[in-house]
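Here is how the chains run, residue by residue.
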Amino acid sequence: MKISACIFPVIENIDQALAEMHKYINIASAQKNDLIIFPEASLGGLNITGIYSQDIQNCLAINSPEIKSLQQKAKQHAIGIGFGFLEKEKCCIYDSFVLFDKFGHIAVHYQRISKGWLPSEVTANDYSCGVKPGFADTVYGKIGILICGDLFEPEILNQLIRANPDFYFHIMARSFPCINDYQKNWDEEEFPFYLNEYQKLGKPVIVCNCIEENAKEEIRYCGGAWFIKSNQIIARMPLLQSGILNVELLPE
């Protein structure tokens, strides 16, 4: 099975983000990949202010025309499409992931459990986290889903390990100080913590992060994509570089 992990630029305008996603889906389809995944909050970004009337403008219902266009794209190209977005459900905001399979069916729908995406001052009635761990049997095998800080929550990991997926997707909107030797700092000081958690999962993990290509701030969404298997980095894309990491996931 061939999978594309997209390092996707932060685009807060949903229509522009959608057009960019369609571009990458076309590339993955032309390369005969079975599935493409995008990072956390690919549609609309993760710029949560805590002001509900503002934040809800960047949220989408799962039956919205924008989401349905990706569902139709999956069916049209017979390719799986997985992505993160801020979801509006019953007036609540969730940090969610959905995967449409090659038939256009919802194969996975997961609402992030860990709370690291929430602003400090919110009302529980307006912003919410999921309660069910992210895994599902699909035409691609049994998939486990982690969104960003889920990886560092022991109870979430334990539930997923017990479910015993065939492989995992870990999607992120992770920022990092882009100072001198930022790639070296990430590889030597930050990513070992991730590898330690991936080792606990015991199965292949495909990771993708979003990227701020033209940010002026020192701390920015830093990009990167990785394919981890047997606690080894099999393939990767460097930080601060958008594009696609193509992975071939062989049956174990």
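This text goes with the structure placed above it.
Quantities reported herein were computed from a predicted structural model and do not represent experimental measurements. (Residues numbered from 1 in each chain as written. Predicted model: local features only at pLDDT ≥ 70, side-chain atom pairs only at ≥ 80, totals over all residues. Heavy atoms only, no water.)

Trainee: Talk me through the sheet that holds strand β3 (residues 80–89); I want residue IDs and the actual numbers.
Mentor: Across the sheet, six strands lie side by side as β5-β4-β3-β2-β1-β14; this open sheet has mixed pairing. Edge strands, defined here as strands with exactly one partner in the open sheet, are β5 (106–111) and β14 (243–248). The sheet shows a mean angle of 25° between the axes of neighbouring strands, taken without regard to direction. In this structure, strand β4 (residues 92–100) lies alongside β5, joined through five bridges in antiparallel fashion. Pairing of F97 across the sheet is with Y110, part of β5. (Pairing = 2+ DSSP bridges. Helix = DSSP H or I, 4+ residues; strand = E, 2+ residues; numbered from the N terminus. Axes fitted to C-alpha atoms, helices over the stretch in contact; angles between N-to-C directions.)

Trainee: Got a sec to walk through the pairing of β4? Specific residues and values, please.
Mentor: A regular strand carries its side chains on alternate faces of the sheet. Across the nine residues that make up β4, a large majority, nine, are buried. Alternating positions in β4 separate into two faces, C92, Y94, S96, V98 and F100 on one and I93, D95, F97 and L99 on the other, with burial throughout. Alignment of β3 against β4, held across nine bridges, turns out to be antiparallel. Across the sheet, the residue bridging to E89 is C92, located in β4. Linking β4 back to β5 in an antiparallel pair, the connection comprises five residues, with G104 at a positive phi of about 85°. (Buried < 20%, exposed > 50% of the residue type's maximum accessible area, 1.4 Å probe, protein only.)

Trainee: For the packing of helix α1 (residues 14–30) against helix α3 (residues 65–77), give the residues involved together with the corresponding values.
Mentor: Two elements in contact, α1 and α3, have axes separated by 11 Å at closest approach and are oriented at 10°. Between α1 and α3, the angle is such that the two are roughly parallel. Where α1 approaches α3, its residues I14, L18, M21, H22, I25, N26 and S29 are matched on the opposing element by E66, S69, L70, K73 and H77. Of the residues contributing to the contact of α1 with α3, the split by class is five nonpolar, five polar and two charged. (Parallel < 35°, antiparallel > 145°, perpendicular 65-115°, else oblique. Contact = heavy atoms within 4.5 Å. Nonpolar A, V, L, I, M, F, W, Y, C, P; charged D, E, K, R; others polar.)

Trainee: Can you break down the nonpolar core residue by residue, with the values?
Mentor: In terms of nonpolar packing, the biggest core is built from 50 residues, with F169 and Y198 touching the most fellow members. Among the elements that line this core, the one with the most residues is helix α5 (residues 182–201), at six residues. Ignoring sequence-local partners within four residues, the contact set of F169 consists of I3, L35, I37, F97, I143, G144, I145, L146 and I206. (Core = buried A, V, L, I, M, F, W, Y, C linked by side-chain atoms within 4.5 Å.)

Trainee: Quick one: what's the story with the state of the cysteines, residue by residue and with numbers?
Mentor: As used here, a disulfide is simply a covalent bond connecting the sulfur atoms of two cysteines. Taken as a whole and assessed by the stated rule, the structure comprises zero disulfides. There is no disulfide at C59, and the cysteine sulfur nearest it, in C92, is 10 Å away. The exposure class of C59 is buried, given its relative accessible area of 5%. (Disulfide = S-S within 2.5 Å.)

Trainee: Which residues make up the pattern of salt bridges, and what values do they have?
Mentor: Under the counting rule described, the total for this entry stands at seven salt bridges. For R162, the salt bridge goes to E155, with nearest N and O atoms at 3.6 Å. Among the residues examined, R162 registers a relative accessible area of 60% and is labelled exposed. Measuring nitrogen to oxygen at the nearest pair gives 3.4 Å for the salt bridge that ties R236 to D187. Remark: D187 occurs in helix α5 and R236 occurs in strand β13 (residues 232–237); sequence separation between them is 49 residues. Judged by its relative accessible area of 28%, D187 is partly exposed. Salt bridges here are not isolated pairs; linked through shared partners, they connect E40, D95 and R112. (Salt bridge = Lys/Arg side-chain N within 4 Å of Asp/Glu carboxyl O.)

Trainee: Mind laying out unusual backbone geometry, listing which residues take part and the relevant values?
Mentor: Positive phi outside glycine occurs at K32, with the angle close to 65°. In this model, N164 sits at a positive phi of 55°, which is unusual for a non-glycine residue. With respect to the helices, strands and loops of the structure, N164 is situated in the loop between α4 (154–163) and β8 (167–172).

Trainee: Can you lay out α5 for me, pointing to particular residues and giving the numbers?
Mentor: In this model, α5 (20 residues) spans 27 Å end to end at C-alpha, consistent with the 28 Å of a helix rising 1.5 Å per residue. At F191, α5 shows its maximal bend, which comes to roughly 50°, and the proline P192 appears one to four places after that position. Residues of α5 that are buried: N185, W186, E190, F191, Y194, L195, E197, Y198 and L201. Of the residues flanking the end of α5, it is G202, one or two places downstream, whose phi is positive at about 75°. (Expected span 1.5 Å × (residues − 1). Bend = angle between axes of the 7 residues up to and from the residue.)

Trainee: Now, about the packing of aromatic side chains: what can you tell me, with residues and values included?
Mentor: Under the definition given, this model contains 15 aromatic pairs. An angle of 85° between the planes, with centres 5.4 Å apart, marks the rings of F8 and F38 as edge-to-face. Of this pair, F8 sits in the loop between β1 (2–7) and α1 while F38 sits in the loop between β2 (35–37) and α2 (52–55), and the two are 30 residues apart along the sequence. Its relative accessible area of 1% is what places F8 among the buried residues. (Phe/Tyr/Trp six-rings, centres within 6.5 Å; stacked < 30°, edge-to-face > 60°.)

The analysis is restricted to geometry; functional conclusions fall outside its scope.
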